[in-house]
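# Topology and contacts: notes
Listed here are the chains, written in short residue letters.
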Amino acid sequence: MVRIALIGCTGSIGVQTADVVRRYPDRFCFSSLACGHAGEAFSSLLHEFAPRRALCAHGTFTPPAGTRAVGQAQELFEDCDVALIAAGGFAGLNYTLLAAAAGVRIALANKESLVCGGELVARALKKGGSELVPVDSEHSAIFQCLSFRRDAPFERLVLTASGGPFLHYTEEELRHVKAADALKHPTWNMGAKITVDSATLLNKGYEVIEANRLYGAPFDKIEAVVHPESIVHSLVYFADGAALAQLGYPDMRVPIQLALAYPERLPCEAPLDLPSLGKLTFLPFPKQKFPCFSLAVEAGRAGGTLPTVLNAAAEEAVRAFLADRITFPAIAQTIEGALSAFPREEADTFEHLAETDARARACAHTLIYGISAS
Ligand code: MG
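Bear in mind the structure is a predicted one, so any value in this text is a computation, not a measurement.

## Focus: the overall build of the chain
Along the chain, the regular secondary structure elements total 15 helices and 11 strands. Taking 2.2 N^0.38 as the reference for a compact globule, 374 residues should give roughly 21 Å; the C-alpha atoms of the chain span a radius of gyration of 20 Å, in line with that estimate. Projected onto its principal axes, the C-alpha positions of the chain cover 55 × 50 × 40 Å. Looking at the chain as a whole, 54% of its 374 residues qualify as buried. Residue pairs in contact within the chain that sit at least 24 positions apart in sequence constitute 68% of those at least 6 positions apart.

Below, the structure written as C-alpha cells:
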C-alpha cells in the first residue's frame, strides 16, 4: 500500500488524484490530506478517505473520527511514502521543501516549487535523500523517454504546447479577450490560474524553467512546439538524431498514477486509438505574439530571485485579469514592469524568497492600478 500525503486536495490535480486512489483502493491510500481553504469539498474528502492527518491553511474544519487536525505542516509527511504536492502557486514551495526535508518521495505537480525555488529544492532533496518525480504531463513524458533517469544524457528537449484558446488570434483581437474566453482550454481540464497561463503561454515558459531544473538541460537545448491535439506530451532528442516521444490522451490521471506507482505502470482504460486520431499536427511556437513565454525563460536563465518576482507578478496579474480589472496584454506588461523594478539577488533561503514574493506582489498591485486606469 502506497501511503500518500496529498497537499492541495481540493484543486484540479487533487480531485483527479482522489479519482486515481478510488480506482486503485488496494494500491493507494491517503495518510494526510491538506487544502488551502476549508469547505464542503475538503470535508467530503476527509469523510470518504479518513486520513490519519489533516490540515487546512485558511479556515477551520471538524475532523472525522480517526483523523487528527495537525498544527504544523511538517507533521503531514510523517508515516507516508509519497508526498503529492498539488497546492497552487508560490504557497506550494514551502510544502515541497518540508517533504524533501522529511526524506519522502515527492510527486511534484506544483510548478512554482522549481520555478521559484529550484536551487533550494535541489539542495533540500540532496540533504533529505529524497527523490522527485514530475507530475506535469510534459516532464512526466521526458522522464519516461529518459527511462526514469533525471541524469540520463540527451541532446535536446522539446516541450509540446496546445497553444491555448488564442493561438490564431491577432494582436488586436487579443486586446479584447475576456476571462471567460481564456478559461475555455481546448484540450486539458485544469484550474483557473494555469488555464490562463496556458492562454498567455506563460505556462510553457514555466515548463522550460522546470525542464532546466529537473534535467539539467541548458536553456538553449530546450524548445517548445505547438501541438494542438495534446497527444504527444513531449520529446527527447538524442545525439544520433533519434527522437523519443510519449503519447497518450490528455488526461492528468495518467501522469498522476505513474508518479504514485513509479516505476510500475498500472492498467489504463483508454489506450490510444491511432486510426481514430488520423493525424497529428505540429506548428512553430508563436513567441512574438505571446511575450509571457520569453519573459519567463529570461527570468529562469537569470535565476536567483527573478523567477520569484516573475511568478508573484503573474499571480497578481492573472487574478486581476480574472476579475476583469486588466486586459489580456496587460498580464505581460505587469510581469515585465515588475521584473524591471527588481535587481537579481541570490535565492539563498526560503525566507528571502517569501520576502521577495511579498514585495513583488506589492509592486504588481501598483502597476495594475496604473495600467487599468489608463
Ligand atoms: Mg504541462
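Structure's up, so let's keep going.
## Brief notes about the packing of helix α12 (residues 292-302) against helix α14 (residues 329-341)
Following both chains from N to C, one finds α12 and α14 inclined at 25°, their axes separated by 10 Å at the closest point. In terms of orientation, α12 and α14 fall into the roughly parallel class. Once α12 is placed against α14, the crossing between them reads as left-handed. Judged by residue contacts, C292, L295 and A299 of α12 engage I331, A332, I335, E336 and L339 from α14. Residue composition of the contact of α12 with α14, grouped by class: seven nonpolar, no polar and one charged.

## Quick word on a nonpolar patch on the surface
There is a patch of nonpolar side chains on the surface, built from L247, L274, L280 and F282 and spanning about 340 Å² of accessible area. By secondary structure assignment, the location of F282 is in the loop between α11 (274-277) and α12.

## Side note on the pairing of strand β9 (residues 222-226)
Among the five residues of β9, four are classified as buried, and the element is accordingly described as predominantly covered. For strand β8 (residues 156-161) and β9, the ladder comprises five bridges, and the chain directions are parallel. Within the sheet, the bridge partner assigned to L159 lies in β9 and is A224.

## Brief notes about the packing of aromatic side chains
Overall, the coordinates contain 11 aromatic pairs when judged by the stated rule. With 5.0 Å between their ring centres and 75° between their planes, F42 and F61 make a pair best called edge-to-face. Of this pair, F42 sits in helix α2 (residues 40-49) while F61 is found in the loop between β3 (53-58) and β4 (68-69), placing the two residues 19 residues apart along the sequence. Taking the centre distance of 5.9 Å and the plane angle of 15° together, the rings of F90 and F350 count as stacked.

## Details of the coordination of the magnesium ion
Coordination of the magnesium ion by the protein is provided by D136 (OD), E138 (OE) and E207 (OE), with metal-donor distances spanning 2.1 to 2.3 Å. Site description for the magnesium ion: donor spacing in sequence, D-x1-E-x68-E. One end of the pair, D136, is in the loop between β7 (132-134) and α5 (137-145); the other, E207, is in helix α9 (residues 202-215), and 71 residues separate them in sequence. On the basis of relative accessible area, E207 is assigned to the buried category, the value being 1%.

## Quick look at the side chain of E112
Inspection of the secondary structure assignment puts E112 in helix α4 (residues 112-128). Despite being buried, E112 has no salt bridge partner; K193 is the closest side chain of opposite charge, sitting 4.5 Å away. Among the polar contacts made by the side chain of E112, one reaches the side chain of N110 at a distance of 3.1 Å. Excluding anything up to four places from it in sequence, E112 contacts G89, F90, G117, Y206, N311 and E315.

## Examining the environment of E138
With respect to the helices and strands, the residue E138 is situated in helix α5. Exposure remark for E138: the relative accessible area of 6% places this residue in the buried category. Among the polar contacts listed, one links the side chain of E138 to the side chain of S137, at a separation of 3.0 Å.

## Some thoughts on helix α1 (residues 12-23)
For α1, built from 12 residues, the straight-helix expectation of 16 Å at 1.5 Å per residue is met to within 8% by its first-to-last C-alpha distance of 17 Å. Taken residue by residue, α1 has I13, G14, Q16, T17, A18, V20 and V21 as its buried positions. Packed against the buried residues of α1 are β1 (2-7), β2 (28-37), α2, β5 (82-85) and α10 (253-261).

## Some remarks on the sheet that holds β1
The seven strands are arranged β4-β3-β2-β1-β5-β6-β7 in an open sheet whose pairing can be described as parallel. Either end of the sheet is taken by a strand with one partner, and the two such strands are β4 and β7. Sheet analysis places β2 next to β3, joined by five bridges and oriented parallel. Across the sheet, residue H37 finds its bridge partner in β3, namely H58.

Cut-offs applied
Residues numbered from 1 in each chain as written. Predicted model: local features only at pLDDT ≥ 70, side-chain atom pairs only at ≥ 80, totals over all residues. Heavy atoms only, no water. Helix = DSSP H or I, 4+ residues; strand = E, 2+ residues; numbered from the N terminus. Rg over C-alpha atoms; globule rule 2.2 N^0.38 Å. Buried < 20%, exposed > 50% of the residue type's maximum accessible area, 1.4 Å probe, protein only. Contact = heavy atoms within 4.5 Å. Axes fitted to C-alpha atoms, helices over the stretch in contact; angles between N-to-C directions. Parallel < 35°, antiparallel > 145°, perpendicular 65-115°, else oblique. Left-handed = near helix turned anticlockwise from the far one by under 90°. Nonpolar A, V, L, I, M, F, W, Y, C, P; charged D, E, K, R; others polar. Patch = residues over 30% accessible without salt bridge, like charges linked within 9 Å, V, L, I, M, F, W, Y side chains within 5 Å. Areas by Shrake-Rupley, 256 points an atom, 1.4 Å probe, with all protein chains shown as cover. Salt bridge = Lys/Arg side-chain N within 4 Å of Asp/Glu carboxyl O. Pairing = 2+ DSSP bridges. Phe/Tyr/Trp six-rings, centres within 6.5 Å; stacked < 30°, edge-to-face > 60°. Donors = N, O, S within 2.8 Å, 3.2 Å for Na, K, Ca; no water. Lys, Arg positive; Asp, Glu negative; His and termini not counted. Polar contact = N/O pair within 3.5 Å; in protein donor to acceptor, adjacent residues only side chain to side chain. Expected span 1.5 Å × (residues − 1).

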